Amino acid sequence: MTKVFIVFLGLTIFVVSSSNAAVYKGQKEFIKQCRKCHTPAQGFVSSHTAAEWEKIFTNDGKNLVALHLKEKKAKAAWNYFKGKKYPKKVKHLRQFFMEYAKDSGNVPCL
Ligand code: HEC
């Protein structure tokens, strides 16, 4: 019984800390890649509810790429959205936005 409990505890800690890591990685990416255009940053992150963010990031974030590629004002970000880095980071970005969504009650330090 104790063994089962320890395994369970270990798994819980692992899951919780890896999802926090994703939020943190997403936050770092947001500061580096998105904040320059989307200010005030805190207002931007809390401009949508978690469900809305989830929708924005559907299709592996490809909808968000399309949205930026048709915006002339987002030209400076075109290379980033077309590059290899974005597909790797998009799941972290999604976690970050959902963690700090309008209905989350959380406020990010940006
Ligand atoms: C070079 C400037 C620029 C950068 C960098 C940029 N964006 Fe945008 N973004 C825009 C513009 C312009 C629009 C379209 C106008 C608008 O809705 O504000 C837009 C629209 C959006 C929208 C839709 C707005 C809404 O409220 O639904 C989201 C979501 C978004 N961007 C997320 C991001 C994320 C995430 C990043 C970083 C990975 C990012 N943007 C980087 C310029 C930029």
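Going by the structure above, here's the rest.
What you are looking at is a predicted structure, and each value in this text was computed from that prediction instead of being measured.

Asks: Pulling in residues and values, what's your account of helix α6 (residues 85-99)?
Replies: Helix length check: α6 (15 residues) gives 22 Å between terminal C-alpha atoms against 21 Å at 1.5 Å per residue, within 8%. Maximal helix bending in α6 amounts to about 35°, located at Lys91. Buried residues belonging to α6 abut α1 (2-34), α2 (41-45), α3 (50-56) and α5 (78-82).

Asks: Go over the environment of Lys32, please, and point to the residues and values.
Replies: By secondary structure assignment, the location of Lys32 is in helix α1. Taking the C-alpha atoms as reference, Lys32 lies 43 Å from Lys3; in sequence the two are 29 residues apart.

Asks: How would you summarise the site of the ligand if you had to cite specific residues and measurements?
Replies: Neighbouring the ligand are 16 residues; Cys34, Cys37, Lys73, Ala74 and Ala77 lie closest to it. Only α1 and α4 (62-69) provide two or more residues apiece to the shell around the ligand. Residue contributions to the shell around the ligand peak at 3 residues, all from α4. Grouping the constituent residues of the shell around the ligand by class yields 9 nonpolar, 4 polar and 3 charged.

Asks: Can you break down the nonpolar core residue by residue, with the values?
Replies: The nonpolar side chains of a soluble globular protein tend to be buried, and buried together. Among the nonpolar cores identified, the biggest contains 10 residues, and these are Val23, Phe30, Val45, Trp53, Leu93, Phe96, Phe97, Met98, Tyr100 and Ala101. Looking at this core, the elements that each hand over two or more residues are α1 and α6. Of the residues forming this core, the biggest block, 4 residues, is contributed by α6. The contact partners of Tyr100, leaving out residues within four places of it in the chain, are Val45, Ser46, Asn106, Val107 and Pro108.

Asks: A description of the environment of Asp103 should follow, citing residues and the corresponding values.
Replies: On the secondary structure map, Asp103 appears in the segment after α6. If near-sequence neighbours (up to four positions away) are discounted, Asp103 is found in contact with Thr49 and Ala50.

Asks: Talk me through the packing of α1 against α6; I want residue IDs and the actual numbers.
Replies: Look at α1 against α6: their axes get within 7 Å of each other, and the N-to-C directions meet at 100°. Judged by the angle between their axes, α1 and α6 are roughly perpendicular. Counting all contacts with α1, which are made through Ser19, Ala22, Val23, Lys25, Gly26, Gln27, Glu29 and Phe30, the residues of α6 involved are Lys89, Lys91, His92, Leu93, Gln95, Phe96 and Glu99. Residue composition of the contact of α1 with α6, by class: 5 nonpolar, 5 polar and 5 charged.

Asks: Any chance you could break down unusual backbone geometry for me, citing the residues and the numbers?
Replies: Trans peptide bonds make up most of the peptide bonds, and negative phi angles are found at most residues other than glycine. Omega for the peptide link from Thr39 to Pro40 comes to -10°, which places this bond in the cis form. With respect to the helices and strands, the residue Pro40 is situated in the loop between α1 and α2. Within the chain, Asn59 stands out as a residue other than glycine whose phi angle is a positive 60°. Relative to the elements of secondary structure, Asn59 occurs in the loop between α3 and α4. Given 11 C-beta atoms within 10 Å, Asn59 falls into the exposed group. Positive phi outside glycine occurs at Asp60, with the angle close to 55°. Its place among the elements puts Asp60 in the loop between α3 and α4.

Cut-offs applied
- Residues numbered from 1 in each chain as written.
- Predicted model: local features only at pLDDT ≥ 70, side-chain atom pairs only at ≥ 80, totals over all residues.
- Helix = DSSP H or I, 4+ residues; strand = E, 2+ residues; numbered from the N terminus.
- Expected span 1.5 Å × (residues − 1).
- Bend = angle between axes of the 7 residues up to and from the residue.
- Contact = placed C-beta atoms within 7 Å.
- Near = placed C-beta within 6 Å.
- Nonpolar A, V, L, I, M, F, W, Y, C, P; charged D, E, K, R; others polar.
- Core = buried A, V, L, I, M, F, W, Y, C linked by C-beta atoms within 7 Å.
- Buried ≥ 20, exposed ≤ 12 C-beta atoms within 10 Å, placed from the backbone.
- Axes fitted to C-alpha atoms, helices over the stretch in contact; angles between N-to-C directions.
- Parallel < 35°, antiparallel > 145°, perpendicular 65-115°, else oblique.

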